[in-house]
Amino acid sequence: LKCVQCCIWCFEKCIKFLNKNAYIQIALTGNNFCTSARKAFFLILRNVIRFGTLAALSGIIHAIGFVFIMSATVVVGYFLMREMHDDISPFMPIVCFILVSYVVAKLYMNVFGLA
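Residues numbered from 1 in each chain as written. Predicted model: local features only at pLDDT ≥ 70, side-chain atom pairs only at ≥ 80, totals over all residues. Heavy atoms only, no water.

**Brief notes about the layout of surface pockets**
By volume, the second largest pocket is sized at about 180 Å³. Surrounding the second largest pocket, Cys14, Ile15, Phe17, Leu18, Phe41, Ile44, Leu45, Val48 and Phe51 form its lining. (1 Å grid on protein atoms, 1.4 Å probe; cavity = no way out; pocket = protein on both sides within 12 Å on 5 of 7 lines; lining within 4 Å. Points joined across faces, edges and corners; volume = space filled by probe spheres on them.)

**Section: a nonpolar patch on the surface**
On the surface, Leu57, Ile60, Ile61, Ile64 and Phe112 cluster together into a nonpolar patch covering about 490 Å² of accessible area. The element contributing the most residues to the nonpolar patch is helix α3 (residues 48–84), with 4 residues. The topology assignment puts isoleucine 60 in helix α3. (Patch = residues over 30% accessible without salt bridge, like charges linked within 9 Å, V, L, I, M, F, W, Y side chains within 5 Å. Areas by Shrake-Rupley, 256 points an atom, 1.4 Å probe, with all protein chains shown as cover. Salt bridge = Lys/Arg side-chain N within 4 Å of Asp/Glu carboxyl O. Helix = DSSP H or I, 4+ residues; strand = E, 2+ residues; numbered from the N terminus.)

**Let's talk about the nonpolar core**
By size, the foremost hydrophobic cluster in this structure holds 5 residues: Phe66, Ile69, Met70, Ala105 and Met109. For this core, the secondary-structure elements that each account for two or more residues are α3 and α4 (91–114). The element contributing the most residues to this core is α3, with 3 residues. Excluding residues that lie within four positions of it along the chain, phenylalanine 66 makes contacts with Tyr102, Ala105, Lys106 and Met109. (Core = buried A, V, L, I, M, F, W, Y, C linked by side-chain atoms within 4.5 Å. Buried < 20%, exposed > 50% of the residue type's maximum accessible area, 1.4 Å probe, protein only. Contact = heavy atoms within 4.5 Å.)

**With respect to the packing of aromatic side chains**
Scanning the entire structure with this criterion turns up 5 aromatic pairs. Each ring, one from phenylalanine 66 and one from tyrosine 102, has its centre 5.6 Å from the other, and the planes form 85°; the classification is edge-to-face. Highlighted residues: phenylalanine 66 in helix α3 and tyrosine 102 in helix α4, separated in sequence by 36 residues. On the numbers, 5.5 Å between centres and 65° between planes, the contact of tyrosine 78 with phenylalanine 79 is edge-to-face. (Phe/Tyr/Trp six-rings, centres within 6.5 Å; stacked < 30°, edge-to-face > 60°.)

**As for the packing of helix α1 (residues 2–29) against helix α2 (residues 33–46)**
Running from N to C, α1 and α2 point in directions that differ by 115°, and their axes come no closer than 8 Å. Taken as axis vectors, α1 and α2 run roughly perpendicular relative to one another. Considering only the axes of α1 and α2, their crossing is right-handed. Contact residues: Phe17, Leu18, Asn19, Asn21, Ala22, Tyr23, Gln25, Ile26 and Thr29 in α1; Phe33, Ser36, Ala37, Lys39, Ala40, Phe41, Leu43 and Ile44 in α2. (Axes fitted to C-alpha atoms, helices over the stretch in contact; angles between N-to-C directions. Parallel < 35°, antiparallel > 145°, perpendicular 65-115°, else oblique. Left-handed = near helix turned anticlockwise from the far one by under 90°.)

Right, dumping it as structure tokens:
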């Protein structure tokens with residue numbers, strides 16, 4: 001059962017990847033979906049090493065961007081809290097900054113991941 005689930009998960013990931021590239025081909029060439037999917041598949045097949053390298057690098061850049069957005073938001077929020085309200089403990093506002101920055105980083109990096 002686990003083997004079948006793993007195969008289905010892998011198949012789903014491949015189809016999503018091909019689907020995204022097919023839509024890119026539709027935007028570039030204006031052909032229908034099936035023609036664009038075939039062109040995207042053969043483009044990926046011809047450049048499999050480049051696509052693999054790009055996927056690995058984009059994952060790393062995605063993680064760096066996510067961490068940078070969260071940490072920059074929390075640090076700026078902390079300093080703003082210390083300057084504006086010196087007498088209040090910054091613990092709860094920092095927790096709120098972490099939650100909000102997580103959502104913002106997820107949304108922003110999701111848009112970046114589509115490109």
